[in-house]
Amino acid sequence: MSRPEYREEPCRSALNPVRGMPFEWSLNPYMGCAHRCTFCYVRAFERRAERPSDSRYGTSIRVKVNVAEVLRRELSRRSWQRGFVAVGAATDPYQPAEGRYRLTRECLVALAGAATPFGILTRGPLVVRDLDVLATAAARAKVSVQISLPTLEDRVAQLTEPGAPPPRQRLRAVRALADAGIRVGIAMAPIIPGLSDSPAVIAEVVRAARDAGAEKIWTNLLYLRPGTREHFLAELDRTWPEVRVALENDFRGRAHLERSRIKALGDQVATLVRGVARREPARPAIEPEPPVLARQLGLGL
């Protein structure tokens, strides 16, 4: 897999207002994502904006070199009400570029200084580099980190999240965050029917999340809008053609599966979480949580 091109481009705004979602603002220090997950819902947005959503997505990353400076200016306005900020709604804030540019870290420093609540969604273990900033921010406002971990099956992860760090590295990040007192959860999403939806596979993630110190788990089934759909099914055809055929039938004429299947998945995870709690009562409890992404996409549980 070729290394992405980085385009250093300034931005005019850092915070983006959001409506109809469980957060008020989004913040994305980068645009494009080197993790290149085949199922990424952002591909659909890219297609709508007439940008590449196929295999070219993630090969060119926009680096908003002045984003922290712009953010500080926006947070200093008298009209700022400290609304909740989702960091990484349209890109991974801890993708490899962050190791070089440190823009996410600078933004977190700004948010902490303004006592603004925020939540991070990432597949990047690099988040543990910023434990000091996260601890400072958490002392002033509500702060949480969600680590995306759809499966612990290495082959499935390698082929569906080709540029993302291995699942076990992400688990170690969960442990480090929990040990540091940072509220951390697991985003077990998306679950892919035929690949990562068996009770044994899901139970493995639930147990690992519990052992690593996660406080919350939320999950959701695969969601395929135009732009994501074509690329995902084409990539799936290379390795699991039989799964591709089944999913093509399941998703024919729709972007998501029936609400009953989505609810059944949520119920299954909740049952597994309760089962782990009963078997290991000495460990801190974790709770299943309705998926943020499902709510923002209007799927609900």
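Residues numbered from 1 in each chain as written. Predicted model: local features only at pLDDT ≥ 70, side-chain atom pairs only at ≥ 80, totals over all residues. Heavy atoms only, no water.

**A short note on the side chain of Glu-46**
Tracing the backbone shows Glu-46 in helix α1 (residues 42-48). Discounting residues that sit within four places of it in the chain, Glu-46 has contacts with Arg-51, Pro-52, Ser-53 and Tyr-57. (Helix = DSSP H or I, 4+ residues; strand = E, 2+ residues; numbered from the N terminus. Contact = heavy atoms within 4.5 Å.)

**Comments concerning the pattern of salt bridges**
For side chains bearing opposite charge, pairing can occur when the charged atoms are close. All chains considered together, the criterion is met by 19 salt bridges. Here Glu-98 ties to Arg-129 by a salt bridge, and the two come within 2.7 Å at their closest N and O atoms. In this pair, Glu-98 sits in helix α3 (residues 97-101) while Arg-129 sits in the loop between β7 (118-122) and α5 (131-138), placing the two residues 31 residues apart along the sequence. Note on Arg-129: relative accessible area 24%, which makes it partly exposed. We note a salt bridge from Arg-170 to Glu-161, for which the minimum N-O separation is 3.0 Å. If you follow the salt bridges from partner to partner, you end up with Glu-98, Arg-105, Arg-129, Asp-130 and Asp-132 in one network. (Salt bridge = Lys/Arg side-chain N within 4 Å of Asp/Glu carboxyl O. Buried < 20%, exposed > 50% of the residue type's maximum accessible area, 1.4 Å probe, protein only.)

**A word on the confidence of the model for the chain**
When the pLDDT values of the chain are averaged, the result is 89; 91% of them are 70 or greater. In the predicted structure, residues 290-301 sits below a pLDDT of 50 and forms 34 contacts with residues beyond four places in sequence or in another chain. (pLDDT = per-residue confidence, 0-100.)

**Details of the packing of helix α9 (residues 228-239) against helix α10 (residues 241-250)**
Interaxial distance between α9 and α10 falls to 6 Å at its minimum, and their mutual angle equals 145°. Two secondary-structure elements touch here, α9 through Arg-229, Phe-232, Leu-233, Ala-234, Leu-236, Asp-237 and Thr-239 and α10 through Pro-241, Val-243, Arg-244, Leu-247 and Glu-248. Per-class residue counts for the contact of α9 with α10 are seven nonpolar, one polar and four charged. (Axes fitted to C-alpha atoms, helices over the stretch in contact; angles between N-to-C directions. Nonpolar A, V, L, I, M, F, W, Y, C, P; charged D, E, K, R; others polar.)

**Focus on α5**
Here α5 has its buried residues at Val-133, Leu-134 and Ala-137. The buried residues of α5 occupy an angular sector of 100° when projected down its axis, which confines them to one face. Residues of α5 that are buried make contact with α4 (103-113), β7, β8 (143-148) and α7 (167-179). (Arc of directions from axis to C-beta.)

**Thoughts on the nonpolar core**
The biggest cluster of nonpolar side chains holds 77 residues, and the ones touching the most others in it are Leu-27, Phe-118, Leu-134 and Ile-186. Excluding residues within four positions of it along the chain, Leu-134 makes contact with Leu-108, Phe-118, Ile-120, Val-127, Val-143, Val-145, Leu-177 and Ile-182. (Core = buried A, V, L, I, M, F, W, Y, C linked by side-chain atoms within 4.5 Å.)

**Observations regarding the packing of aromatic side chains**
A complete count under the given rule lists three aromatic pairs for this structure. Look at Tyr-6 and Tyr-101: their rings are 6.2 Å apart centre to centre, the planes differ by 70°, and that puts the pair in the edge-to-face class. You can see Tyr-6 sitting in strand β1 (residues 5-8) and its partner Tyr-101 sitting in helix α3, a full 95 residues away along the chain. Owing to a relative accessible area of 25%, Tyr-6 belongs among the partly exposed residues under this scheme. Seen in terms of ring centroids, Trp-25 and Trp-80 are 5.4 Å apart; in terms of plane orientation they differ by 55°. Their pairing is tilted. Of the two residues, Trp-25 is situated in strand β3 (residues 25-27) and Trp-80 in the loop between α2 (67-75) and β6 (85-87); the sequence distance between them amounts to 55 residues. For Trp-25, a relative accessible area of 24% puts it in the partly exposed group. (Phe/Tyr/Trp six-rings, centres within 6.5 Å; stacked < 30°, edge-to-face > 60°.)

**Topic: the sheet that holds β1**
Read across the open sheet, the three strands follow the order β1-β5-β4; overall the sheet is mixed. If you trace the sheet from one side to the other, it starts and ends with β1 and β4 (30-31), each paired once. Pairing geometry for β4 and strand β5 (residues 60-63), over two bridges, is antiparallel. Paired with Tyr-30 across the strands is Val-63, a residue of β5. (Pairing = 2+ DSSP bridges.)

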